[in-house]
Amino acid sequence: IAARSLQEDYEKNIKDYEKNIEDMQDAMIDLKWKRHFKMAQDGSMRSQYELGMMYYRGKGRDIAQNYANAFKWFYKAGSGLFRSGHSASQLQLGIMYEHGHGVTQSNKEAVYWYNRSDKQGNASARNYLENMRRSGKAILEHHSWIFGGGTYYKALIPGKKQTKDMDQGLKIRN
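Keep in mind that what you see is a predicted model, and the values were worked out from it rather than measured.

## Here's the deal with the nonpolar core
Formed by 28 residues in total, the largest nonpolar core has its most connected members in Phe74, Met96 and Tyr114. Taken together, the elements giving at least two residues each to this core come down to helix H1 (2-41), helix H2 (45-57), helix H3 (67-79), helix H4 (87-99), helix H5 (107-119) and helix H6 (123-134). Take this core: its biggest share by element is six residues, from H2. Not counting residues within four places of it along the chain, the set of residues in contact with tyrosine 114 comprises Leu91, Gly94, Ile95, Glu98, Ala125, Tyr128, Leu129 and Met132.

## Focus on the packing of aromatic side chains
Under the defined criterion, the tally for this structure stands at nine aromatic pairs. Geometrically, the ring pair formed by phenylalanine 71 and tyrosine 75 is stacked, given 6.0 Å between the ring centres and 20° between the ring planes. A residue pair is termed a helical-turn pair when its members lie 3 or 4 positions apart in one helix, as phenylalanine 71 and tyrosine 75 do in helix H3 at four residues. Look at tyrosine 75 and tryptophan 113: their rings are 5.8 Å apart centre to centre, the planes differ by 75°, and that puts the pair in the edge-to-face class. Separated by 38 residues along the polypeptide, tyrosine 75 in helix H3 and tryptophan 113 in helix H5 bring together distant segments of the chain.

## Digging into H2
At 3.6 residues per turn, the α-helix brings residues three or four places apart onto the same side. When the terminal C-alpha atoms of H2 are compared, their 18 Å separation across 13 residues agrees well with the 18 Å that a helix rising 1.5 Å per residue should span. Here H2 lies mainly inside the structure; eleven of its 13 residues are buried. Turning to H2, its buried residues number three or more, namely Met45, Ser47, Gln48, Tyr49, Glu50, Leu51, Gly52, Met53, Met54, Tyr55 and Tyr56. Directly after H2, the chain includes glycine 58, whose backbone phi takes a positive value near 75°.

## Describing the pattern of salt bridges
Should their charged atoms come close, side chains of opposite charge can pair. This model, assessed by the stated rule, comprises six salt bridges. One salt bridge in this structure joins aspartate 42 and lysine 38, with 3.0 Å as the shortest N-O distance. Residue aspartate 42 is classed as exposed on the basis of its relative accessible area, which comes to 57%. Here aspartate 118 makes a salt bridge to arginine 126, at a shortest N to O gap of 2.7 Å. One network of salt bridges, with partners in common, ties together Glu130, Arg133 and Arg134.

## Concerning the confidence of the model for the protein chain
Averaged over all residues, the pLDDT of the protein chain equals 78, while 75% of them reach at least 70. Note that pLDDT drops below 50 for residues 143-149; the model gives that stretch ten contacts with residues more than four away or on any other chain. Within the model, pLDDT remains below 50 along residues 162-174, and this stretch shows 27 contacts once partners closer than five positions in the same chain are excluded.

## Notes on the packing of H4 against H5
The geometry of H4 relative to H5 is characterised by a closest axis approach of 8 Å and an angle of 160° between their N-to-C directions. Taken as axis vectors, H4 and H5 run roughly antiparallel relative to one another. Here H4 and H5 pass one another in a crossing that is left-handed. From H4, Ser87, Gln90, Leu91, Leu93, Gly94, Ile95, Tyr97 and Glu98 reach across to H5, where they touch Glu109, Ala110, Trp113, Tyr114, Arg116 and Ser117.

Reading the values: the criteria
- Residues numbered from 1 in each chain as written.
- Predicted model: local features only at pLDDT ≥ 70, side-chain atom pairs only at ≥ 80, totals over all residues.
- Heavy atoms only, no water.
- Core = buried A, V, L, I, M, F, W, Y, C linked by side-chain atoms within 4.5 Å.
- Buried < 20%, exposed > 50% of the residue type's maximum accessible area, 1.4 Å probe, protein only.
- Helix = DSSP H or I, 4+ residues; strand = E, 2+ residues; numbered from the N terminus.
- Contact = heavy atoms within 4.5 Å.
- Phe/Tyr/Trp six-rings, centres within 6.5 Å; stacked < 30°, edge-to-face > 60°.
- Expected span 1.5 Å × (residues − 1).
- Salt bridge = Lys/Arg side-chain N within 4 Å of Asp/Glu carboxyl O.
- pLDDT = per-residue confidence, 0-100.
- Axes fitted to C-alpha atoms, helices over the stretch in contact; angles between N-to-C directions.
- Parallel < 35°, antiparallel > 145°, perpendicular 65-115°, else oblique.
- Left-handed = near helix turned anticlockwise from the far one by under 90°.

Right, dumping it as structure tokens:
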């Protein structure tokens, strides 16, 4: 009986310990969210990205997965009205469009955002573009005058004839 009681106490202590760890992790996520929320409102692209990731993944006890909120924060960081935008946010926008997470699935939009991220040197964006090319969702074009040179990807639109018009590469978005 004494050994059984010790085992029960041990198991209870383990459960209490695990619960305390979970509570501490949730508290840290709550503090992180509050810090990033304030900084994001002040224009920090990094904090806007971090909030987007928290909503995209559903982190913490009070932060449920919410693609609409994730998209909002990624777009704020990625659009970069007067600058090039946050590369990792642009990558996430591409992922959301490619897979239809909270937005209407669009290869055209996915390629647009992956290209923007790739232009800033994000190797993951290049990998996503290459995967889209391999799966027949995008084509690779070479234009020495687009984006200062190099390669550029264009979305393939199912059912539409693809042209070689030089302007077509710039008109990824409607």
